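# Observations on chain architecture
In case you want the letters, here they are:
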Amino acid sequence: MNALGNSVYDSSATPSGLPAGCPLGPWPQSVYCRLDALPYEPNVLADLILSPGEGAQWGSMRAVEKRRHEWLLGRCVAKAAVRSLLERDLDLYLSPTEIEIVPDPYGRPLVSTTLQEPLQPSISIAHSHGTAVALAVLDPNAHVGIDLESLTHRRQDFETIAFSPDERSLLATLSPDVRGEWALRMWCAKEAMGKAIGRGLSAGLLNFHINRADSASGFIEVELRHGALEQCPQLRGKSLAVYTALASNFIFSAIIYQQGAVRMRPSRQEILDYLLHKMGELTQDWDYPDPVSPASRLFTELGFESLDAVVLCTAIQEHYQTPMPFAELLAEIGQQQRDLSIDELTDFVDTHLGGPARSGNVTRRVQ
Amino acid sequence: MTEVFDKFAQIVAKSLRVDASQVAPDTLLTDLGAESLDLIEITMETETQFHIFLPDKSILETAGEIFGPGILEKDGYLTEEGKRLLSRRMPEADAQAFEGQVAIQDLQHYFLKVGTWVRMIEGLAQYTPAECESCGGPMAASMGFRMKCEKCGGEITLRSGEEINREWVREYYDREYRPRAEALVSATAVQ
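Residue and element names in this part refer to chain A. The strand order across the open sheet built from five strands is β6-β10-β9-β8-β7, with neighbouring strands paired in antiparallel fashion. The strands lining the two open edges of the sheet, one partner per strand, are β6 (142-150) and β7 (208-213). Strand-to-strand twist in this sheet, taken as the mean axis angle between neighbours without regard to direction, amounts to 25°. As paired strands, strand β9 (residues 240-247) and strand β10 (residues 250-258) are joined by five bridges and run antiparallel to one another. Counted as the bridge partner of Ala 245 is Phe 252 from β10.

Here is the structure:
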């Protein structure tokens, strides 16, 4: 068992296995592993490294060989990355079978080990064309995303689906000999970002918007929009830097970001800004003569019906991840036959958000 | 097997370099080895060959934008409302597909199924006219998502799959969800 573990560890962690400027560069606290081939015959390897649950999954996979082998390769690098991370930082030694990779309901891989809960590292896995990579960090609250794509010939017009006109004009400034490479880097940046937020690109490719690409450092800045932002509202107004690199016919991309463990309470102004923004979204096809302002009243001026109010209230609770007594508020308004302005709603939300008030600007750590 | 299925199976087989006989209605594209960029390639080839414009996100995402958060999906699982919408939308899914707890990631089994794609293509193709509306002449693909009549030269722009999906969801929302939700809200208010 150890012999195998070490051989996997060695083959992936030797410097020759790392791409030039690999994702270890910007994130020294992470462990990155790469494998270009299965180190053993697949079923032997599966017996040696998979947990019983993973073994059952392996046994029932109906996919073509390429897919099955890449899945196994992915488990292999993930376990190797977690093992070497625990060894390096905590002096803990686990066998591969003691580490299980279990997808959460959205499909994001979570590490489950025989260790105590707070010690479950965060991981991201990618595979393409017979190669697999994994990136692991110790912080269970870290968001990790990694992607890998082969530089094989792709249809040129894939850019028209994958990128917005703005993003294509970013590509148009590049010289033709590197354009294909950077199109793929931008694609990989979107994929890594999708994995880091844990929801993939389900919100739509164009909602992962690329603001900037720095050819000197390889960093690509991605900003979430619309549906993608709904999935992680805490990233509003943030542009996150995804690292990309080219090595031996593959493009790699990786991002790690941390959210402050303590959720800071938003200021009243931030709540108001959010409510005005949300109102704008909810009522975008409603054609108002005047713009929505803090003094606008929901029912008489903005034409809200009870269901619209429920939709808005649900959205607010989801956004702040905090239940608030909206049912009472709406019932009271109904009984007293009065209306509710956005200002009053802001006060209501402000009152019911717990936690210490925050002064100054956003202090969330985002790398 | 329909004509659409055969044509789509050819696209898949060519793109993934597998034999067309491996492509069946209940095959998952990923089980045939498709990676994310392969799906993009299959999307583009499908659009070109069928003269349609596929949506860039699943019907659940589009519906989520219209219904608002927490209604169709909560913490990674479909709500009863979400199951209701999807079983209405995806008649090709097995009867037991939406029973019990359904995680969002389990839906990949349907969204990546060849049969689901075929049904989606058939649905969208209805919006692509075979004949010119003004003169009845044959239509041919023109620039981008436009089609041109070979006889009179009249041009039309195809509607996007996303737009068509939104329309379906809005109609479903107004016809089926809104009355149910309003009844629920007034029942709560009375209490």
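Attention now moves to the sheet that holds strand β4 (residues 146-149) of chain B. Residue and element names in this part refer to chain B. Spatially, three strands are ordered β3-β4-β5 in an open sheet, and the strand pairing comes out antiparallel. With partners counted over all chains shown, the strands left at the sheet margins are β3 (139-141) and β5 (155-157), one partner each. Pairwise comparison of adjacent strand axes, ignoring direction, gives a mean angle of 30° for this sheet. Two elements, β4 and β5, share three bridges in a ladder whose sense is antiparallel. Within the sheet, the bridge partner assigned to Met 147 lies in β5 and is Ile 156.

In a regular helix each residue adds 1.5 Å, so twelve residues correspond to 16 Å; helix α6 (residues 114-125) of chain B covers 16 Å between its end C-alpha atoms and thus fits that length. Residues of α6(B) that are buried: Val114(B), Gly115(B), Thr116(B), Trp117(B), Val118(B), Ile121(B) and Leu124(B).

The next point concerns unusual backbone geometry. Residue and element names in this part refer to chain A. Although it is not a glycine, His 129 sits at a positive phi angle of roughly 45°. When you line up the elements, His 129 lands in the loop between β4 (122-128) and β5 (131-137). For His 129, a relative accessible area of 37% gives the class partly exposed. Look at His 226: it is not a glycine, yet its phi comes out positive at around 40°.

Right, let's talk about the packing of helix α7 (residues 176-197) of chain A against helix α2 (residues 36-50) of chain B for a bit. Two elements in contact, α7(A) and α2(B), have axes separated by 12 Å at closest approach and are oriented at 110°. With respect to their mutual orientation, α7(A) and α2(B) come out roughly perpendicular. For α7(A) against α2(B), the interelement crossing comes out right-handed. From α7(A), Leu184(A), Trp187(A) and Glu191(A) reach across to α2(B), where they touch Ser36(B), Leu37(B) and Ile40(B).

A low pLDDT means the predicted coordinates there should not be read in detail. Residue and element names in this part refer to chain A. Overall, the predicted model of chain A reaches an average pLDDT of 83, with 87% of residues at or above 70. Under a pLDDT of 50 for its full length, residues 1-25 has, in the predicted model, 42 contacts with residues more than four places off or in other chains. Taken as a whole, residues 355-367 scores under 50 in pLDDT and shows 23 contacts with residues more than four places along the chain or in a different chain.

Quick look at the confidence of the model for chain B now. Across chain B, the average pLDDT comes to 90, with 97% of residues at or above 70. The ipTM for the predicted assembly is 0.91, set against a pTM of 0.78.

Next up on the list: the environment of Asp38(B). Turning to its location among the elements, Asp38(B) is positioned in helix α2. Relative accessible area serves as the criterion here: at 11%, Asp38(B) is assigned to the buried category. Asp38(B) sits 26 residues away from Val12(B) along the chain, and the two C-alpha atoms are 9.1 Å apart. The residues touching Asp38(B), leaving out its near neighbours within four places in the chain, are Arg154(A), Ser15(B), Leu16(B) and Gly33(B).

Thresholds, definitions, all that
Residues numbered from 1 in each chain as written. Chains lettered and ligands numbered in written order. Predicted model: local features only at pLDDT ≥ 70, side-chain atom pairs only at ≥ 80, totals over all residues. Heavy atoms only, no water. Pairing = 2+ DSSP bridges. Helix = DSSP H or I, 4+ residues; strand = E, 2+ residues; numbered from the N terminus. Axes fitted to C-alpha atoms, helices over the stretch in contact; angles between N-to-C directions. Expected span 1.5 Å × (residues − 1). Buried < 20%, exposed > 50% of the residue type's maximum accessible area, 1.4 Å probe, protein only. Parallel < 35°, antiparallel > 145°, perpendicular 65-115°, else oblique. Left-handed = near helix turned anticlockwise from the far one by under 90°. Contact = heavy atoms within 4.5 Å. pLDDT = per-residue confidence, 0-100.

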